[in-house]
Amino acid sequence: VQLQASGGGLVQAGGSLRLSCTASGTIFPLMGWHRQAPGKQRELVASITIGGTTNYADAVKGRFTISRDNAKSTVYLQMNSLKPEDTAVYYCAADNLRRFWGQGTQVTVSS
């Protein structure tokens, strides 16, 4: 199983970015995005079930949207109204009988 993430970068506050993560090998009942800022623990940003049920961290509600394309085994994270505090390494995760992690992608939001 491999998770290939892309879409990070540098953006000014108020801007937008879209992250993508494609899983190979199987379809996962649950996929999501986590992030880890320097000196902080990794935290859940958003998750989505294969049926489309979503869950968001309070800090991103109303600004971020998670979606998935099951046919492509891909999960997306549309991030709008980005804030400097969103700066972190973002990790794609996929859960089956265990959790698989993708490589991180850096998101930097300048003020």
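Look above for the structure.
A quick note: this is a predicted structure, and the numbers were derived from the prediction, not measured. (Residues numbered from 1 in each chain as written. Predicted model: local features only at pLDDT ≥ 70, side-chain atom pairs only at ≥ 80, totals over all residues. Heavy atoms only, no water.)

Asker: Looking at this model, I keep getting lost on the pattern of salt bridges. Mind explaining?
Answerer: Where charged atoms from two side chains of opposite charge come close, those side chains can pair. The tally for this structure, following the rule as stated, stands at 5 salt bridges. The residue Arg63 makes a salt bridge to Asp86 at a minimum N-O spacing of 2.7 Å. Linking Arg63 in the loop between β6 (54–56) and β7 (64–69) with Asp86 in the loop between β8 (74–79) and β9 (88–95), this pair joins segments that are 23 residues apart in sequence. Classification of Asp86 as buried rests on a relative accessible area of 0%. (Salt bridge = Lys/Arg side-chain N within 4 Å of Asp/Glu carboxyl O. Helix = DSSP H or I, 4+ residues; strand = E, 2+ residues; numbered from the N terminus. Buried < 20%, exposed > 50% of the residue type's maximum accessible area, 1.4 Å probe, protein only.)

Asker: Help me out: how do you make sense of the side chain of Arg68 in this one?
Answerer: In this fold, Arg68 is placed in strand β7. Here Arg68 sits buried without a salt bridge, and the closest side chain of opposite charge, Asp69, lies 8.1 Å off (N-O distance). Side-chain polar atoms of Arg68 contact the backbone oxygen of Phe28, separated by 2.7 Å. Within the structure, Arg68 has its side chain in polar contact with the backbone oxygen of Thr49 (distance 3.5 Å). Those residues in contact with Arg68, other than ones at most four positions away along the chain, are Ile27, Phe28, Pro29, Leu30, Met31, Ile48, Thr49, Ile50, Thr74, Val75 and Tyr76. (Lys, Arg positive; Asp, Glu negative; His and termini not counted. Polar contact = N/O pair within 3.5 Å; in protein donor to acceptor, adjacent residues only side chain to side chain. Contact = heavy atoms within 4.5 Å.)

Asker: For this particular structure, what's the right way to read the side chain of Asp86?
Answerer: Within the local environment of Asp86, its side chain forms a polar contact with the side chain of Arg35, the two groups lying 3.0 Å apart. In this view, Asp86 contacts Arg35, Arg63, Phe64, Ser81, Val107 and Val109; residues no more than four positions away in its chain are not counted.

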